[in-house]
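Below, each chain spelled out in residue letters.
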2 protein chains.
Amino acid sequence: MENFSEIQKTKIFAEISEFDMQALAYCLKIKFRNYNKNDTIIAQGQPVEDVVMLLKGGAKLENIDPFGDISLITKFKAGDIYGVENGFMGETTYKDTLTATENCLVMLMNRHRLLTPCENKCKRHDIIVRHLVQMVIERNYELTEKLKLLSKKNIKEKVLAYLQAQSKKAGSLYFDIPYNKTELANYLSVDRSALSTTLSRLREEGLIDFDKKHYHIKKG
Amino acid sequence: MENFSEIQKTKIFAEISEFDMQALAYCLKIKFRNYNKNDTIIAQGQPVEDVVMLLKGGAKLENIDPFGDISLITKFKAGDIYGVENGFMGETTYKDTLTATENCLVMLMNRHRLLTPCENKCKRHDIIVRHLVQMVIERNYELTEKLKLLSKKNIKEKVLAYLQAQSKKAGSLYFDIPYNKTELANYLSVDRSALSTTLSRLREEGLIDFDKKHYHIKKG
DNA sequence: CTCAAAATGTTGTAAAAACAACACAATTTC
DNA sequence: GAAATTGTGTTGTTTTTACAACATTTTGAG
C-alpha cells in the first residue's frame, strides 16, 4: 500500500496491519500530498476540508491575528495532526496556518469519517478513535502547559519555566529544544532581543548555560 | 435516584434515563459531596482519585506556581468537569486547585471506569465516552482561544480580543462576562490596576462601555 | 567554497506594565 | 442596617519590555 511504511511509524496507526489499513484508507478517503519547503499546507481562513497528518518532514503551525501579528503555536513533526478540533467544533474555516519547514509528505483524512466509528469492514476504526482521543487529551495537556508559561509575569520566569519543563521532559539537566532563539521568542510571545538579553543575564548569573539549541540548567 | 434531577441537567448525562443511570452509577462508582463556599474541592498536589463534576453551585479553578503566584484558569459552572486529562496522562497528583465560590454539590466518578466503555449492563456508557470526547475537544478549543489572548503583546489588545470573543460567543455587542475586574485581570495575567486604567482609556476613546460585569463594544 | 540571507547579541531609548498606596464604592456578613 | 470586607479607579514611581539600529556570526543555497 502506498506510503504504508510511513503510516506505520505514526503512533495513531502503529497497531494497524497493512490489510486493515487498506479498508481504513478507503473508509477515511485517505489522500496524500507532497509539499516543498516553505509551501503552505493549510492556509488560515480556507474552508475546512480534511484532517491533516504530517507523515514525513517538518512544519510549523502559526496564527495570524487581525492586526497581522504572527505567533508560532508549535512545530509539527511526523505523526502530528491538525484539524480534529476544527471539524468537531463546527468551524467552517481553518483557524491557523501550517507551513512546511522542510519537504513534507502529508496524509489527508475525511474529518466526518474519522471520529465516527463505522460498522463497515474497517473493524480497526475504533482503535483510531481511541488514539485520537488520546492525542486530543495530550494536546490539551500541552496547551495547559504553554498557558502556564504565558501566565508568568516576566520574561525571566517564562524562560526558566519553559526550560524546566523541557528539562523534565528530557529527564536531564542537559537537553535540546526544538526552537532557535528567534523562534523561542515567538513561541513565548516576547521580543527577541529582550529574550536574548534575559538569556545572557541568566548565563551571567550562573543559572543556565546554552549553545545553539542545547541548554543546561545548573541550579534547581 | 439520588440527585438525579441535577445529573439530568448536565449535557453529558442528559440523554440517560433514570433506569440506565442506576447501572451507570454503579459502574462509575459514583459518589456525591457537598461543599460550602470557600471549601477546597480539589487541592493541588493531592493524589488523583476521581474525575469531578460540578452538579450545583459554582467554583473556580486555579493554579499555584512554585513561586506561590496564583492564576485563575477558569470558573466552573454546573456540568463542568475536572480530572479527565490528569488521569489519562498518567499524572499521580492533581495539578490545580478547585475551590467552591458558592455552596456546591459535586459528583465524583471513577476515572478508570469513565473512559473505558464496558461490556456490562450499563449500555449507555458509550454515549458518555462520546460526550467526554466532545468536552475535551471543547476544552481544547477554549484553551487555544485563551492562548491567543495571552499571546497579544499588550493589555489593550488582550482586553479587546477577550471582549470580542465574548461578544461573538454571546452573539451581541451587549453582553455579560463571568468575571469582575479583579478576576479578569487575574484571568488575563495582567496587573489589576493596569487593567483598570486600560479599560478606562478604552471607554474614554469610545471603543467600549461597561458597568459591573456588563460590557458593550461600540466599534467593530 | 562563496556569497547572500538569516540569526544572534548588544546597546540605548521610548513605551508599557507592575507595583504600591490610597480614597471611595459595592458587597457581604452578622 | 451597621460594620467589615472586598472591589474599583486613580495616581506616581520603578521595573520591565518593546522597538530600533547595528556589528558579528552562523546557516544555507548554488
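Residues numbered from 1 in each chain as written. Chains lettered and ligands numbered in written order. Predicted model: local features only at pLDDT ≥ 70, side-chain atom pairs only at ≥ 80, totals over all residues. Heavy atoms only, no water.

### Side note on the overall build of chain A
Turning to step 1, where the next piece is worked out: Helix and strand counts for chain A come out as eight helices and eleven strands.
Turning to step 2, where the next piece is worked out: Dimensions of chain A along its principal axes, counting C-alpha atoms only, are 60 × 40 × 30 Å.
Turning to step 3, where the next piece is worked out: Looking at chain A as a whole, 51% of its 220 residues are labelled buried.
Turning to step 4, where the next piece is worked out: Of the roughly 11,000 Å² of accessible surface on chain A, 49% is carried by carbon and sulfur atoms. (Helix = DSSP H or I, 4+ residues; strand = E, 2+ residues; numbered from the N terminus. Buried < 20%, exposed > 50% of the residue type's maximum accessible area, 1.4 Å probe, protein only. Areas by Shrake-Rupley, 256 points an atom, 1.4 Å probe, with all protein chains shown as cover.)

### Some points on the protein's contact with DNA strand C
Turning to step 1, where the next piece is worked out: In the vicinity of DNA strand C, 19 residues are found, and the nearest of them are Thr182(A), Ser200(A), Asn154(B), Ile155(B) and Asp191(B).
Turning to step 2, where the next piece is worked out: What you see for DNA strand C is that sugar and phosphate hold 62% of its atoms within 4 Å of the protein.
Turning to step 3, where the next piece is worked out: Between Asn180(A) and DNA strand C, the recorded distance is 3.5 Å, taken from a side-chain N or O atom to a phosphate oxygen.
Turning to step 4, where the next piece is worked out: With respect to DNA strand C, the side chain of Arg192(A) contributes an N or O atom lying 3.1 Å from a base oxygen.
Turning to step 5, where the next piece is worked out: At five residues, the largest contribution of residues to the surface near DNA strand C is made by helix α8 (residues 192-204) of chain A.
Turning to step 6, where the next piece is worked out: When the residues that make up the surface near DNA strand C are grouped by side-chain class, the tally is four nonpolar, nine polar and six charged. (Near = heavy atom within 4 Å. Polar contact = N/O pair within 3.5 Å; in protein donor to acceptor, adjacent residues only side chain to side chain. Nonpolar A, V, L, I, M, F, W, Y, C, P; charged D, E, K, R; others polar.)

### A few points about the pattern of salt bridges
Turning to step 1, where the next piece is worked out: Per the stated rule, a full pass over the model turns up 29 salt bridges over all chains.
Turning to step 2, where the next piece is worked out: Between Lys152(A) and Asp65(B) there is a salt bridge, with the nearest N and O atoms lying 3.0 Å from each other. With Lys152(A) in the loop between α5 (125-151) and α6 (155-170) and Asp65(B) in the loop between β4 (59-64) and β5 (70-76), the pair connects residues from two separate chains. Each member of the pair Lys152(A) and Asp65(B) is classed as buried. (Salt bridge = Lys/Arg side-chain N within 4 Å of Asp/Glu carboxyl O.)

### Some words on the interface of chain B and chain A
Interfaces are often sized by the amount of accessible area the parts lose when they come together.
Turning to step 1, where the next piece is worked out: In this complex, chain B contributes 33 residues to the contact, which on the side of chain A involves 33 residues.
Turning to step 2, where the next piece is worked out: Approximately 3,200 Å² of surface area, both sides summed, lies buried where chain B meets chain A, with 65% of it carried by carbon and sulfur atoms.
Turning to step 3, where the next piece is worked out: Of all residues in chain B, Ile137(B), Tyr141(B) and Leu147(B) bury the most surface against chain A, accounting for 19% of the area lost on that side.
Turning to step 4, where the next piece is worked out: Taken together, the connections running from chain B to chain A amount to six salt bridges.
Turning to step 5, where the next piece is worked out: Across the contact surface, chain B and chain A share twelve residue pairs in polar contact (both at pLDDT 80 or more).
Turning to step 6, where the next piece is worked out: Elements with a contribution of two residues or more to the side of chain B that touches chain A: α3 (84-88) and α5 (125-151) of chain B.
Turning to step 7, where the next piece is worked out: With 15 residues, the top contributor of residues to the side of chain B that touches chain A is α5(B).
Turning to step 8, where the next piece is worked out: A breakdown of the residues in the side of chain B that touches chain A according to their chemical character gives 13 nonpolar, seven polar and 13 charged. (Contact = heavy atoms within 4.5 Å. Buried area = accessible area lost by both parts, 1.4 Å probe.)

### Focus on the sheet that holds strand β1 (residues 31-35) of chain A
All names here are of chain A.
Turning to step 1, where the next piece is worked out: Taken together, the four strands give an open sheet; going across it, the order is β1-β8-β3-β6, and neighbouring strands pair in antiparallel fashion. Both outer strands of the open sheet, β1 and β6 (81-82), are each paired with one neighbouring strand and no more.
Turning to step 2, where the next piece is worked out: By the bridge criterion, five bridges tie β1 to strand β8 (residues 104-110) in an arrangement that is antiparallel. Of the residues in β8, the one forming a bridge with Arg-33 is Val-106. (Pairing = 2+ DSSP bridges.)

### Focus on the sheet that holds strand β4 (residues 59-64) of chain A
Residues and elements named next belong to chain A.
Turning to step 1, where the next piece is worked out: Reading across from one edge, β2-β7-β4-β5 is the order of the four strands in this open sheet, with antiparallel pairing throughout. On the outer flanks of this sheet lie β2 (40-42) and β5 (70-76), each paired with one strand and no other. Adjacent strand axes in the sheet meet at a mean angle of 30° when their direction is disregarded.
Turning to step 2, where the next piece is worked out: Two strands pair when backbone bridges link them, and β4 and β5 are joined in this way by six bridges, in the antiparallel orientation. Among the inter-strand pairings, Asn-63 is bridged to a residue of β5, identified as Ser-71. (Axes fitted to C-alpha atoms, helices over the stretch in contact; angles between N-to-C directions.)

### Details of the relation of the copies chain B and chain A
Turning to step 1, where the next piece is worked out: Under the fitted operation, chain B is carried onto chain A by 0.1 Å of movement along the axis and a turn of 180°, and the coordinates agree to an RMSD of 0.1 Å. Here the transformation between the copies is reduced to the relation of a two-fold axis. Minimal C-alpha separation from the rotation axis in chain B is found for Asn140(B), amounting to 2.6 Å.
Turning to step 2, where the next piece is worked out: Interface overlap between copies: 100% of the residues of chain B at the interface are likewise at the interface in chain A, consistent with a symmetric, same-surface contact. (Least-squares fit on C-alpha atoms with pLDDT ≥ 70 in both.)

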